[in-house]
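Geometric and topological summary
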Amino acid sequence: MTVRKNQASLTAGEKRRFVAALLELKRSGRYDAFVSTHNDFIVSDTDHGPRTGHRSPSFLPWHRRFLLEFERALQSVDASVALPYWDWTTDSSVRSSLWAPDFLGGSGRSRDGRVTDGPFAASTGNWPIAVRVDERTYLRRALGAGGLRLPTRADVESVLSMPTYDMPPWNSGSDGFRNHLEGWRGVNLHNRVHVWVGGHMATGASPNDPVFWLHHAYIDKLWSEWQRRHPGSGYLPATGTPDVVDLDETMRPWHDTTPAALLDHTPHYTFDA
Ligand SMILES: [Cu+2]
């Protein structure tokens, strides 16, 4: 059974195997297919048209399935690997072990944002940026640039306390748990973390940075914490909503799964805590 652990508690061997599996997916070309899929959805999801991956109720089940596909790809390389999660409320410093050279490497240099240490630095030759937003082919970050702060546990608590999953108009203007977690409204959790990391993470091609998976694994964990806290609240909308994925409608690009089928993560993985 897959157990998703806090990245801060991974052993040296677990970090090494996770990184090696990422590099092998990259080498084989499978990694960049995930970056392309994500970017395609970012580009096509709009507030007043069809929306599936983002700015809509299916933001959470869509990313749950996306991460599951990615985790299965990692496990096809090394069956011992699980996606770790990054609790950015506790590991909120640029000095966190997350950013050490034996794991994800650190921030980008000030001149051009280029990450210069760790396994994903361009100088290794192992992490070419192929799905590009501009001509630059090296991984970029600007951790905490401009004094931006990561969300606090109090910010998280204020969002977890919201009893309604989502509300009309089911987009970036909605009230409710999903849109506050996604970050288009209120204290801003998920979006703010993308901006805090900066570089590729602040673009539609954000999965170019491996921290994407650790960030979304934690967002996914917060969804499960919300479910435990509000057992009487379910996914919304239930039925008949134009441009939006209802509870029992299938989701692109897979066409074989629905939000209803993804509400319970426990058939696929559990968390360490
Ligand atoms: Cu996304």
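Notes on the structure follow.

Thresholds, definitions, all that
- Residues numbered from 1 in each chain as written.
- Predicted model: local features only at pLDDT ≥ 70, side-chain atom pairs only at ≥ 80, totals over all residues.
- Heavy atoms only, no water.
- Helix = DSSP H or I, 4+ residues; strand = E, 2+ residues; numbered from the N terminus.
- Rg over C-alpha atoms; globule rule 2.2 N^0.38 Å.
- Buried < 20%, exposed > 50% of the residue type's maximum accessible area, 1.4 Å probe, protein only.
- Contact = heavy atoms within 4.5 Å.
- Areas by Shrake-Rupley, 256 points an atom, 1.4 Å probe, with all protein chains shown as cover.
- Lys, Arg positive; Asp, Glu negative; His and termini not counted.
- Charge placed at Lys NZ, Arg CZ, Asp CG, Glu CD.
- Donors = N, O, S within 2.8 Å, 3.2 Å for Na, K, Ca; no water.
- Arc of directions from axis to C-beta.
- Axes fitted to C-alpha atoms, helices over the stretch in contact; angles between N-to-C directions.
- Parallel < 35°, antiparallel > 145°, perpendicular 65-115°, else oblique.
- Left-handed = near helix turned anticlockwise from the far one by under 90°.
- Nonpolar A, V, L, I, M, F, W, Y, C, P; charged D, E, K, R; others polar.
- Core = buried A, V, L, I, M, F, W, Y, C linked by side-chain atoms within 4.5 Å.
- Salt bridge = Lys/Arg side-chain N within 4 Å of Asp/Glu carboxyl O.

**Examining the overall build of the chain**
A tally of regular secondary structure across the chain gives seven helices and two strands. The helix and strand sequence of the chain, counted from the amino end, reads β-α-α-α-α-α-α-α-β. Against the 2.2 N^0.38 benchmark of 19 Å for 273 residues, the chain shows a C-alpha radius of gyration of 18 Å, consistent with a compact globule. Considering only C-alpha atoms, the chain reaches an extent of 50 × 40 × 35 Å along its principal axes. Looking at the chain as a whole, 56% of its 273 residues qualify as buried. Of the contacts formed within the chain by residues at least 6 apart in sequence, a portion of 69% connects residues at least 24 apart. As displayed, the chain has an accessible area near 10,800 Å², and 52% of this comes from carbon and sulfur atoms. For the chain, the distance from the average position of its 30 positive side-chain charges to the average position of its 31 negative side-chain charges is 6 Å.

**Quick word on the coordination of the copper ion**
On the protein side, the copper ion has H38 (NE2), H54 (NE2) and H63 (NE2) as donor atoms, found 1.9 to 2.3 Å from it. Read from N- to C-terminus, the donor residues coordinating the copper ion fall into the pattern H-x15-H-x8-H. Per residue, the accessibility class of H54 equals that of H63, and both read buried.

**A closer look at helix α4 (residues 153–160)**
In an α-helix, one turn spans 3.6 residues, which is why side chains three or four residues apart end up on the same side. Taken as a whole, α4 has its buried residues at D155, V156, V159 and L160. End-on view of α4: buried residues confined to an arc of 130°, all on one side of the axis. Looking at the packing, one finds that the buried side of α4 touches α5 (177–182), α6 (190–197) and α7 (211–229).

**Focus: the packing of α4 against α7**
At a minimum axis separation of 10 Å, α4 and α7 run at an interaxial angle of 50°. Taken together, the axis directions place α4 and α7 in an arrangement best described as oblique. As for the relative orientation of α4 and α7, their crossing is right-handed in sense. Contacts between α4 and α7 involve R153, V156, E157, V159 and L160 from the first element and Y218, L222, E225, W226 and R229 from the second. Taken together, the residues of the contact of α4 with α7 sort by class into six nonpolar, no polar and four charged.

**A short note on the nonpolar core**
Ranked by size, the top nonpolar core spans 66 residues in total, and within it F70, L74, W86, W88, W99, F177 and W213 carry the most contacts. Secondary-structure elements contributing two or more residues to this core are α1 (12–28), α2 (30–44), α3 (59–77), α4, α5, α6, α7 and β2 (269–271). The element that contributes the greatest number of residues to this core is α7, accounting for 10 residues. With sequence-adjacent residues up to four places away left out, F70 is seen in contact with L22, L25, Y31, F34, L83 and W213.

**Some words on the pattern of salt bridges**
All told, the structure shown has 22 salt bridges when counted by the stated rule. A salt bridge links R141 to D209; the shortest N-O distance between them is 2.7 Å. Taken together, the residues R141 in the loop between α3 and α4 and D209 in the loop between α6 and α7 connect sequence positions 68 residues apart. Note that R153 is salt-bridged to E157, the shortest N-O span being 3.0 Å. In this pair, R153 and E157 are both assigned in helix α4, four residues apart and thus about one turn of the helix distant.

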